[in-house]
Amino acid sequence: MASTSKDSVSSNPINQEAIDDDMGPGTCPESILNPTDSFEEFESEINADPEERHSNLTTKSSTISEIQSEIGESSKDIKTVKSSDDLKSKDEGMSSSASSSNITEQNGEDVGTDKDEYLQSPELVNKEKHVFILSSAGKPIYSRYGNEDKLAGLCGVIQALVSVVEDQNQDILRYINTKDCKAVFLVKGPLILVAVSKSNESETQLVMQLTYAFNQIVSVLTLTQLNRIFEQRRNYDLRRLLAGAERLIDNLLIFMEKDPAFLLGAVRCLPLPEKARENITSAIISTCNKIRDLVFAILIAGNQLITLVRMKKYTLHPSDIHLLFNLVRSSESFKTAESWTPICLPKFDATGFLHGHVSYISEDCQACLLLLTVQRDAFYPLSQAKHTIAEKLEKLKCIGAINDALNRNKDLPTTNPLKHIGIPIIRHFMYKCKSTAQLFTSDPISLDRLQDYRIMHREGGDISVKKIEKLSDIDYVKNYRKFCNQIHCLTVPAKFIFRSNSEDTILAWITNGFELYVTFDSLVEKEQTKRAVDHLLQWIKREENRIFIMNAPTF
């Protein structure tokens, strides 16, 4: 019996060469997503010098402009940004408002020691992780917890730290480690983002979360507008333009703590019968193939991808899909009416907006359809297309298939999610197909359960965690964090990790074609894990047409 609690990174009980010859289950000739190693990107972000970071944020050629040129549309619809005059008038209003606020604070009780005491309040001190976003001038923009106005002094200190390091060393402040926490800094153009964490997350994982938070802001404003605002006025208070978007960042931070798709740079697909997925895709293509300016048609449900149909030559990055998941998840209004909203997808084109028709496919189905176009006044033709697609899906009984899949996922965690696979020693697993950036997990992780868990057991993020008997979703993700970091480490990457102790056994394995993370019952023999993994990979291969999207359909 294996009883050590140490990690083994050398003794691989599985036939590596046999698997490397085969790229693994889920591989297909063409992918709907851009395969990516997110950790490589984020580690590069940590190690980049100031000049490299600046070049990464400079405006590149516009993909949206390219599409409009191809279909003969005017470039005037590329993006909707405010004119210089509009921004100046807003600046004056915000400056006046800020001055009044400062006068009020100086005459009241909310300054000096009160603000210092606020930093020591339980509202802030007892949280496991903080995220702060401020401008390069030290103006507070967002705080995960607390009141941004009361944190203005702290933001000033953060800005000073970043500036001193940059001025004295011609370098960037990357992170500060203390005995019980770490602070990670990310400077992105005119914004400074900071994560202060007592969790077991690595610096790379925290940079990932900060990058997503930055991309969420870009998704609301576009990078072009964000840069232009601060070029015109360095002291601009961005909170006014972001009013209402705080909930998107709040929900995104919760989402990232919980969903392993962020750790792995992948997207989860809703398991569906192969014929049902084909019918759904065909209904979208037959309805939309004459709409020349439609770039993407995306059907999602439960933070999972059902299908994605795209304009030829163009694909989406997993992080852009995650932002779309978060947008739909955070917006109750989509459930009650068809919506028309500008959406910037930073990896696709950070310079401008796509325009999205967003609506649920029917009242009795949780599948949401997003039709993304480069044309700003295409609401009515896309609305008609949505109703036509819905009628076809109803006729083909695809709505029932989607509901059955979602209901099955809800039932799995309350039973044994691996009972039907026949591998009782496996408690949980995550499998990523690297060539398609798609992820399959044994337990379809529920954001609702995480929110309940936070309320019941973590008291809104407090570090006093109540002991519970059964591992929750967040505990599984915590267990996998350090293995994801070791697997993706640029300096000394590991191909195989095996850790066993009295509580559980965890295996992490990377090949040319896939990544696999498995939690077993405690103290299992290595030979048992070999047989279990072989069985698991065979099962995933048999089911690949149901659990993955195996083609890349286009209009």
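The sections below set out a description of the structure shown in this document. Here the structure is a predicted model, which is why all the values come from computation and not from measurement. (Residues numbered from 1 in each chain as written. Predicted model: local features only at pLDDT ≥ 70, side-chain atom pairs only at ≥ 80, totals over all residues. Heavy atoms only, no water.)

Some remarks on the overall build of the chain
Next, step 1: Each helix and strand counted, the chain has 21 helices and 17 strands in total.
Next, step 2: Expressed as a percentage of its 555 residues, the buried residues of the chain come to 57%.
Next, step 3: Split by element, the accessible area of the chain, about 23700 Å² in all, is 49% carbon and sulfur. (Helix = DSSP H or I, 4+ residues; strand = E, 2+ residues; numbered from the N terminus. Buried < 20%, exposed > 50% of the residue type's maximum accessible area, 1.4 Å probe, protein only. Areas by Shrake-Rupley, 256 points an atom, 1.4 Å probe, with all protein chains shown as cover.)

What to know about the environment of S163
Next, step 1: Here S163 lies in helix α8 (residues 152-169).
Next, step 2: Separated by 10 residues in the primary sequence, S163 and L173 have C-alpha atoms spaced 8.6 Å apart.

Describing the pattern of salt bridges
Next, step 1: Enumeration over the complete set of coordinates arrives at 16 salt bridges.
Next, step 2: The salt bridge involving D259 is made with R268; its shortest N-O contact spans 3.0 Å. Both residues of the pair, D259 and R268, belong to the buried class.
Next, step 3: Residue D534 is joined to K530 by a salt bridge in which the shortest nitrogen-to-oxygen separation is 3.3 Å. Note that D534 and K530 are positioned in helix α20 (residues 526-542) at a spacing of four residues, about one turn of the helix.
Next, step 4: Judged by its relative accessible area of 26%, D534 is partly exposed.
Next, step 5: With relative accessibility at 25%, the residue K530 sits in the partly exposed group.
Next, step 6: In the salt-bridge network here, residues are joined through shared partners; they are K129, R144, E201, E257 and R481. (Salt bridge = Lys/Arg side-chain N within 4 Å of Asp/Glu carboxyl O.)

Let's talk about a nonpolar patch on the surface
Next, step 1: A surface patch of nonpolar side chains, amounting to about 230 Å² of accessible area, comprises V157, L161 and I176.
Next, step 2: With respect to the helices, strands and loops of the structure, V157 is situated in helix α8.
Next, step 3: When its relative accessible area of 47% is taken as the criterion, V157 is described as partly exposed. (Patch = residues over 30% accessible without salt bridge, like charges linked within 9 Å, V, L, I, M, F, W, Y side chains within 5 Å.)

Some thoughts on the pairing of strand β6 (residues 191-197)
Next, step 1: Across the seven residues that make up β6, a large majority, six, are buried.
Next, step 2: Judged from the seven bridges that link them, strand β2 (residues 129-135) and β6 form a sheet pairing that is antiparallel. Bridging from a neighbouring strand, H130 pairs with V196 of β6.
Next, step 3: Pairing of strand β5 (residues 182-188) with β6, which is carried by seven bridges, proceeds in the antiparallel orientation. Its bridge partner being in β6, K188 is matched across the sheet by L191. (Pairing = 2+ DSSP bridges.)

So, the nonpolar core
Next, step 1: In this structure, L191, L238, F296, I298, L305 and F348 are the most contacted members of the largest nonpolar core, which totals 76 residues.
Next, step 2: Sorting elements by how many residues they give to this core places helix α9 (residues 203-221) first, with 10 residues.
Next, step 3: Residues contacting L238, with those up to four places away along its chain left out, are I141, L191, I217, L221, L226, I229 and F230.
Next, step 4: The next biggest cluster of nonpolar side chains, apart from the first, holds 32 residues, and it includes A283, C288, L371 and I402. (Core = buried A, V, L, I, M, F, W, Y, C linked by side-chain atoms within 4.5 Å. Contact = heavy atoms within 4.5 Å.)

Describing the packing of aromatic side chains
Next, step 1: What the rule picks out here adds up to 14 aromatic pairs.
Next, step 2: Judged by centre distance (5.3 Å) and plane angle (75°), the rings of F296 and F348 are edge-to-face. Placement of F296 in strand β8 (residues 294-301) and of F348 in helix α15 (residues 346-349) is noted, with a sequence separation of 52 residues between them.
Next, step 3: Given a relative accessible area of 9%, F348 falls into the buried group.
Next, step 4: The structure contains a cluster of three or more aromatic residues connected by ring pairs, namely Y431, F496, W509, F514 and F548.
Next, step 5: The side chain of K127 reaches across the aromatic face of Y145, ending 5.0 Å from its centre.
Next, step 6: Over the face of the ring belonging to F498 we find K526, whose NZ or CZ atom lies 5.1 Å from the ring centre. (Phe/Tyr/Trp six-rings, centres within 6.5 Å; stacked < 30°, edge-to-face > 60°. Lys NZ or Arg CZ within 6 Å of the ring centre and 35° of its normal.)

What to know about the sheet that holds β5
Next, step 1: If you trace the five strands from one edge of the open sheet to the other, you get β3-β2-β6-β5-β4, paired in antiparallel fashion. For this open sheet the edge positions go to β3 (140-143) and β4 (175-177), each flanked by a neighbour on one side alone. Neighbour to neighbour, the strand axes of the sheet diverge by 10° on average, direction disregarded.
Next, step 2: Across three bridges, the pairing between β2 and β3 is antiparallel. Within β3, the residue paired with F132 across the bridge is S143.
Next, step 3: Packing of α8 onto the sheet brings it into contact with β2, β3, β5 and β6, and relative to β2 it is tilted by some 75°. (Axes fitted to C-alpha atoms, helices over the stretch in contact; angles between N-to-C directions.)

Considerations on the sheet that holds strand β12 (residues 365-373)
Next, step 1: A sheet is described by the order of its strands in space; here five strands give the open sequence β9-β8-β12-β11-β10, paired in antiparallel fashion. If you trace the sheet from one side to the other, it starts and ends with β9 (304-310) and β10 (339-343), each paired once. Averaged over all pairs of adjacent strands, the angle between strand axes in this sheet comes to 25°, irrespective of strand direction.
Next, step 2: With five bridges joining them, β10 and strand β11 (residues 354-362) adopt antiparallel strand pairing. If you follow T341 over to β11, its bridge partner there is G356.
Next, step 3: Together, β8, β9 and β12 form the strand contacts of helix α13 (residues 274-288), whose direction differs from that of β9 by roughly 35°.

Describing the packing of α13 against helix α16 (residues 379-395)
Next, step 1: In contact at an axis separation of 9 Å, α13 and α16 are set at 145° when each is read in the N-to-C sense. The handedness of the crossing between α13 and α16 comes out as right-handed. Listed contacts from α16 to N279, I280, A283, I284, S286, T287 and C288 of α13 are A385, T388, I389, K392 and L393. (Left-handed = near helix turned anticlockwise from the far one by under 90°.)

Considering the pairing of strand β16 (residues 505-510)
Next, step 1: Buried residues dominate β16, accounting for six of its six residues.
Next, step 2: On β16, burial covers both faces: T505, L507 and W509 on one face and I506, A508 and I510 on the other are all buried.
Next, step 3: As defined by bridge partners, strand β15 (residues 496-500) adjoins β16 across five bridges and the pair is classed as antiparallel. Paired with S500 across the bridge in β16 is T505.
Next, step 4: The turn linking β15 back onto β16 is made up of four residues.
Next, step 5: Two strands pair when backbone bridges link them, and β16 and strand β17 (residues 514-520) are joined in this way by six bridges, in the antiparallel orientation. Bridged to A508 within β17 is Y517.
Next, step 6: Here β16 folds back onto β17 in antiparallel fashion, the turn holding three residues.

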